[in-house]
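Coordinate analysis (summary)
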Amino acid sequence: MSNTALLELKSIQRQFVQGTREIDVLRDASLTLDGGEMTALVGPSGSGKSTLLNIAGLLERPTNGDVVIDGVSTAKLSNRKRGRLRGSHIGFVFQFHRLLPEFSALENIMVPQMLQGLSADEARDRAAQLMAMVGLENRHDHRPGILSGGEQQRVAIARAVANAPRILLADEPTGNLDPETASEVFEHLATIVHATNTAALIVTHNQNLALKMDRILTITSGTVNVLR
């Protein structure tokens, strides 16, 4: 595991205005993630897990506090610079795979690479390698509609790491899967995280999966606490 912090959240506060009230979703949330580390983020519905993930992924700005990505403070960055940093450093996996239905599995993994400037041949080679890593080397030409739920989510994981992000953020990546398939998908995710020395923050309600991770964090009263 690397000693370099790839993601730091420093005293994150996030308030929302509802009518005449200000609602504090995050009060003083701080955490640090290292390379090669899988960290579970757990907590009850409405505790701010998804908000924290959006802020960590530079999809949303905090009311106060700072997000530091691989040593770069983002508090004063313009939206354009935040977008560049997000594109170069962060990969996302969601509960719903959001694959492009008109493209094959391989092409879904190629697309983000080509958007970053890789040639079709380079993107195809890396996509094939990633599909092998998630056990789908025989599904290159299959469109999402004929893949199982677990296979679709494995393609989504491969797509999320296609551009070699330093940080992987996942929001209930196995939430729609049965326990056996969820465990299988998680094992593929863990293999990629550890093989690529990525820092992974994973929101989950699955306690069995949380217990398999390196650390477990929980949100209580808007702050992040170490559960294990």
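See the structure above.
Structural notes, computed from the coordinates. No experiment lies behind these values; they were computed from the predicted model shown. (Residues numbered from 1 in each chain as written. Predicted model: local features only at pLDDT ≥ 70, side-chain atom pairs only at ≥ 80, totals over all residues. Heavy atoms only, no water.)

With respect to the pairing of strand β4 (residues 64–69)
With five bridges connecting them, strand β1 (residues 5–18) and β4 associate as antiparallel partners. Paired with Gln13 across the bridge in β4 is Asn64. As defined by bridge partners, β4 adjoins strand β5 (residues 72–73) across two bridges and the pair is classed as antiparallel. Across the sheet, the residue bridging to Val68 is Ser73, located in β5. (Pairing = 2+ DSSP bridges. Helix = DSSP H or I, 4+ residues; strand = E, 2+ residues; numbered from the N terminus.)

A short note on empty space enclosed by the protein
Within the structure shown, the criterion is met by one cavity of 30 Å³ or more. Taken as a whole, the largest cavity spans an internal volume of roughly 40 Å³. Tallied by class, residues from the lining of the largest cavity come to six nonpolar, two polar and no charged. (1 Å grid on protein atoms, 1.4 Å probe; cavity = no way out; pocket = protein on both sides within 12 Å on 5 of 7 lines; lining within 4 Å. Points joined across faces, edges and corners; volume = space filled by probe spheres on them. Nonpolar A, V, L, I, M, F, W, Y, C, P; charged D, E, K, R; others polar.)

Remarks on the sheet that holds strand β9 (residues 215–220)
Pairing is mixed across the open sheet formed by six strands, whose spatial order is β6-β7-β8-β3-β9-β10. Looking at the sheet topology across the chains shown, the edges are occupied by β6 (90–93) and β10 (223–226). When the angles between neighbouring strand axes are averaged without regard to direction, this sheet yields 25 degrees. Summarising the sheet, strand β3 (residues 38–42) and strand β8 (residues 199–203) pair through four bridges and their orientation is parallel. What sits directly across from Met38, in β8, is Ala200. Packing of helix α6 (residues 179–196) onto the sheet brings it into contact with β3, β7 (167–171) and β8, and relative to β3 it is tilted by some 130 degrees. (Axes fitted to C-alpha atoms, helices over the stretch in contact; angles between N-to-C directions. Contact = heavy atoms within 4.5 Å.)

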